[in-house]
Amino acid sequence: IMHLETVIYEKRGAVALIKFNRPEVRNAFNAKMTEDILEALIEAKGDSDVRAIVLTGEGLSFSAGADLSARDNKWLDTEAALVEGYLPSLQEIMAMPKPVISAVNGAAAGIGSAYAMACDLTIMSEEAYILQAFSNIGLIPDGGANWFLTNTVGYKLAYQIAIEGERIDSSRCLELGLINKVVPGEALLDEALSWADRLSLRSSQSLKLTKQIMRKALDSSYDDIYDMEAKTQNTLTGSEDNIEGVTAFMEKRQPNFK
């Protein structure tokens, strides 16, 4: 049984809805929230009924970043907080065998932006934004934000975003390929959940293995990825999902994947 204090976990059919829940501090992270988010993600991963995950924030923000006023800090220093506190849950999102959608409902700042970017897909409300405010206080982006930004928008833009510390609004995020969709605020959660619903009907093995290979593609050669595709495709050919998909196509119906 989960004992979540700072995160809400709900099952909506085949979708797990996970919400950062410290709205009084704009969902800023304290130590407990790093533990709760990890526990919620592990729960979603282990539940075979859950086929897709939506991550969002309660209230007006996605997450304002680290709570600088939090008094529950259990780490020796910043490095320990990043490596022991945040990294396990960020890795859990990236290695999750199911698609994870971030529904960014307001500010995604600092480490909060890293959680938004770590997800496989992102839908953002019109008024939401991403912010790297670190240079304003003499720090650097963290939570892997340097890697996410550089891999998504290229070095020059990533460096500019990092050092200028300005809000990147939803339309600019969409333009830069940092997110997939922008919707009005009041429609955000419904849109995210229905997107997750649609994904939950697709072949889970296709979703899982495409994610694994594409994540590896970010730092692998063409030949390595080609080889991985060939071996993976070989194991999937003639599988239950493959046969069902082909049969459904022939019978002009929706496939019913396991």
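Definitions and cut-offs
Residues numbered from 1 in each chain as written. Predicted model: local features only at pLDDT ≥ 70, side-chain atom pairs only at ≥ 80, totals over all residues. Heavy atoms only, no water. Axes fitted to C-alpha atoms, helices over the stretch in contact; angles between N-to-C directions. Helix = DSSP H or I, 4+ residues; strand = E, 2+ residues; numbered from the N terminus. Parallel < 35°, antiparallel > 145°, perpendicular 65-115°, else oblique. Left-handed = near helix turned anticlockwise from the far one by under 90°. Contact = heavy atoms within 4.5 Å. Nonpolar A, V, L, I, M, F, W, Y, C, P; charged D, E, K, R; others polar. Buried < 20%, exposed > 50% of the residue type's maximum accessible area, 1.4 Å probe, protein only. Pairing = 2+ DSSP bridges. Phe/Tyr/Trp six-rings, centres within 6.5 Å; stacked < 30°, edge-to-face > 60°. Lys NZ or Arg CZ within 6 Å of the ring centre and 35° of its normal.

Caption draft 1: Just the packing of helix α2 (residues 78-95) against helix α3 (residues 111-118), in detail. Between α2 and α3, the least distance of the axes is 9 Å, while the angle of their chain directions is 20°. Relative to α3, the element α2 is oriented roughly parallel. Once α2 is placed against α3, the crossing between them reads as right-handed. Residues Leu82, Tyr86, Ser89, Leu90, Ile93 and Met94 of α2 pack against Ile111, Ala114, Tyr115 and Ala118 of α3. Of the residues belonging to the contact of α2 with α3, the class tally is nine nonpolar, one polar and no charged.

Caption draft 2: Representation of the environment of Asn136. Checked against the element boundaries, Asn136 lands in the loop between β7 (129-131) and α4 (145-153). We classify Asn136 as exposed; its relative accessible area is 53%. Residues Asn136 and Glu166, 30 residues apart in the sequence, show an inter-C-alpha distance of 9.7 Å.

Caption draft 3: Summary view of the sheet that holds strand β8 (residues 168-169). Spatially, three strands are ordered β5-β7-β8 in an open sheet, and the strand pairing comes out mixed. The open sheet terminates on both sides in strands that have one partner only, identified here as β5 (107-109) and β8. Where β5 and β7 come together, three bridges link them in parallel fashion. Residue pairing in the sheet places Ala108 in a bridge with Ile130 of β7.

Caption draft 4: Highlighting the sheet that holds strand β9 (residues 181-183). Read across the sheet, six strands follow the order β1-β2-β3-β4-β6-β9 without closing on themselves; strand pairing throughout is mixed. Looking at the sheet topology across the chains shown, the edges are occupied by β1 (7-12) and β9. Strand-to-strand twist of the sheet, defined as the mean angle between neighbouring strand axes without regard to direction, takes the value 20°. Of the pairings in the sheet, the one linking strand β6 (residues 121-125) to β9 comprises three bridges and is parallel in character. Paired with Ser125 across the strands is Val183, a residue of β9. Across the sheet, helix α1 (residues 31-46) lies against β1, β2 (15-20) and β3 (52-57), angled at about 15° from β1, the strand it touches most.

Caption draft 5: Here's a closer look at the packing of aromatic side chains. One pass over the structure, following the stated rule, counts nine aromatic pairs. Residues Phe20 and Phe29 carry aromatic rings whose centres are separated by 5.2 Å and whose planes lie at 65° to one another, so their mutual orientation is edge-to-face. Residue classification places Phe29 among the buried residues on the basis of a relative accessible area of 2%. A ring pair is formed by Trp75 and Tyr86, whose centres lie 6.4 Å apart and whose planes are at 40°; its orientation type is tilted. Here Tyr86 lies in helix α2 and Trp75 lies in the loop between β3 and α2, a separation of 11 residues in the sequence. A residue is classified by how much of its surface remains accessible, and Trp75, at 13% relative accessible area, is buried. Residue classification places Tyr86 among the buried residues on the basis of a relative accessible area of 7%. Taken together, the ring pairs in this structure connect Phe20, Phe29, Phe62, Trp75, Tyr86 and Tyr115 into an aromatic cluster. Stacked on the ring of Trp195, the Lys or Arg Lys181 has its end atom at 3.9 Å from the ring centre.

Caption draft 6: A look at the packing of α4 against helix α5 (residues 155-164). α5 packs onto α4 with a crossing angle of 140° between their chain directions and a minimal axis gap of 7 Å. One element, α4, and the other, α5, form an angle in the oblique class. When the axes of α4 and α5 are compared, the crossing they make is right-handed. Where α4 approaches α5, its residues Leu149, Thr150 and Val153 are matched on the opposing element by Tyr155, Leu157, Ala158 and Ile161. A breakdown of the residues in the contact of α4 with α5 according to their chemical character gives six nonpolar, one polar and no charged.

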